[in-house]
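Below, each chain spelled out in residue letters.
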Amino acid sequence: MRKNLVTRLRRRGRADPMAAHDRLPPRARAWVTQAALPWSAVSVSKIWARALRETGCEEAAIARLDAAEAKMLARDGVVAAGPRA
């Protein structure tokens, strides 16, 4: 089967997604479990690290993750379920 993969391009190594999830800070991991969308650990880690670098506050990082998710949901046209009037 390796003969089909002859190329001069470098192969990209794939990291273990569960290991990446386990490396997330506890608050970020908790956020992922409650997220409406399936987030990769890499995406959450990038948003989390940038928010902490800019604000130094975990609450601000959670708010940044919430805002990113709301933006994605709005882009997809999904309305979050809430109490019906």
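This text gives an overview of the structure that appears in the document. (Residues numbered from 1 in each chain as written. Predicted model: local features only at pLDDT ≥ 70, side-chain atom pairs only at ≥ 80, totals over all residues. Heavy atoms only, no water.)

Description of the nonpolar core
We apply this condition: The definition of a nonpolar core used throughout is a set of buried Ala, Val, Leu, Ile, Met, Phe, Trp, Tyr and Cys residues joined through side-chain atoms within 4.5 Å. Relative accessible area decides the class of each residue, using a 1.4 Å probe on protein chains only: under 20% of the type maximum gives buried, over 50% gives exposed, and in between gives partly exposed. Comment: elements are numbered from the N terminus, with helices defined as DSSP H or I runs of at least four residues and strands as E runs of at least two. In what follows, residue pairs with any heavy atoms lying within 4.5 Å of each other are defined as contacts.
In terms of nonpolar packing, the biggest core is built from 15 residues, with Leu-24, Trp-31, Trp-39, Val-44 and Trp-48 touching the most fellow members. When contributions to this core are tallied by element, the ones reaching two or more residues are helix H2 (26–34), helix H3 (41–55) and helix H4 (58–76). Leave out the neighbours within four places in its chain, and Trp-39 touches Trp-31, Val-44, Ile-47, Ala-68, Glu-69 and Met-72.

Focus: the pattern of salt bridges
Which entries qualify depends on this criterion: One side-chain nitrogen of Lys or Arg within 4 Å of one carboxyl oxygen of Asp or Glu is enough to make a salt bridge.
Evaluated as defined, the whole model comprises 5 salt bridges. Note that Arg-27 and Glu-58 form a salt bridge whose closest N and O atoms lie 3.4 Å from each other. A residue pair is termed long-range when its members are at least 10 positions apart, and Arg-27 in helix H2 and Glu-58 in helix H4 qualify at 31 residues. For Arg-27, a relative accessible area of 32% translates into the label partly exposed. For Arg-75, the salt bridge goes to Asp-76, with nearest N and O atoms at 3.9 Å. Its relative accessible area of 61% is what places Arg-75 among the exposed residues. With relative accessibility at 48%, the residue Asp-76 sits in the partly exposed group. Each of Arg-27, Glu-58 and Glu-59 takes part in a single network of salt bridges with overlapping partners.

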